[in-house]
Amino acid sequence: MAGKRNERLKELFLQQINLELRNINGINANGILTLTGADLSKDGKTLHVYYSVLGTADDRARKERILHANVREIRTVLFKKLRLRTVPEILFKFDDTPE
């Protein structure tokens, strides 16, 4: 039962994060950022969001800095929009499988 809830939450978080990334300045410049997946821990306290970048190594580094700098803002927006008791800690991880 908890597994289905985690799957639904994971998809919901991924959709909302994708929407919020569109509003961040500089995220769309130089290179294409794609969210490739997410994993929500069983206790619901940690969300690993996987991303890939189509572009150079500098583009990847720039996107990584922007993502890590905006984690707190993204969590705040998720908390307000989704009205959940707790929003998990978001950890962005580079996914090199598309390469």
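To be clear, the structure that these remarks concern was listed above.
Residues numbered from 1 in each chain as written. Predicted model: local features only at pLDDT ≥ 70, side-chain atom pairs only at ≥ 80, totals over all residues. Heavy atoms only, no water.

(A) Representation of the layout of surface pockets. A volume near 230 Å³ is recorded for the largest pocket. The element contributing the most residues to the lining of the largest pocket is helix α1 (residues 2-21), with five residues. A breakdown of the residues in the lining of the largest pocket according to their chemical character gives six nonpolar, three polar and four charged. (1 Å grid on protein atoms, 1.4 Å probe; cavity = no way out; pocket = protein on both sides within 12 Å on 5 of 7 lines; lining within 4 Å. Points joined across faces, edges and corners; volume = space filled by probe spheres on them. Helix = DSSP H or I, 4+ residues; strand = E, 2+ residues; numbered from the N terminus. Nonpolar A, V, L, I, M, F, W, Y, C, P; charged D, E, K, R; others polar.)

(B) The pattern of salt bridges, seen in detail. Enumeration over the complete set of coordinates arrives at four salt bridges. Across the pair E20 and K81 runs a salt bridge, and its minimum N-O distance is 2.8 Å. Placement of the pair is E20 in helix α1 and K81 in helix α3 (residues 71-82), with a sequence separation of 61 residues. (Salt bridge = Lys/Arg side-chain N within 4 Å of Asp/Glu carboxyl O.)

(C) Summary view of a positive patch on the surface. A contiguous patch of positive charge on the surface is contributed by K4, R5, R8 and R85. Mapping R85 onto the fold places it in the loop between α3 and β3 (89-94). According to the relative accessible area criterion, R85 is exposed, its value standing at 82%. (Patch = residues over 30% accessible without salt bridge, like charges linked within 9 Å, V, L, I, M, F, W, Y side chains within 5 Å. Areas by Shrake-Rupley, 256 points an atom, 1.4 Å probe, with all protein chains shown as cover. Lys, Arg positive; Asp, Glu negative; His and termini not counted. Charge placed at Lys NZ, Arg CZ, Asp CG, Glu CD. Buried < 20%, exposed > 50% of the residue type's maximum accessible area, 1.4 Å probe, protein only.)

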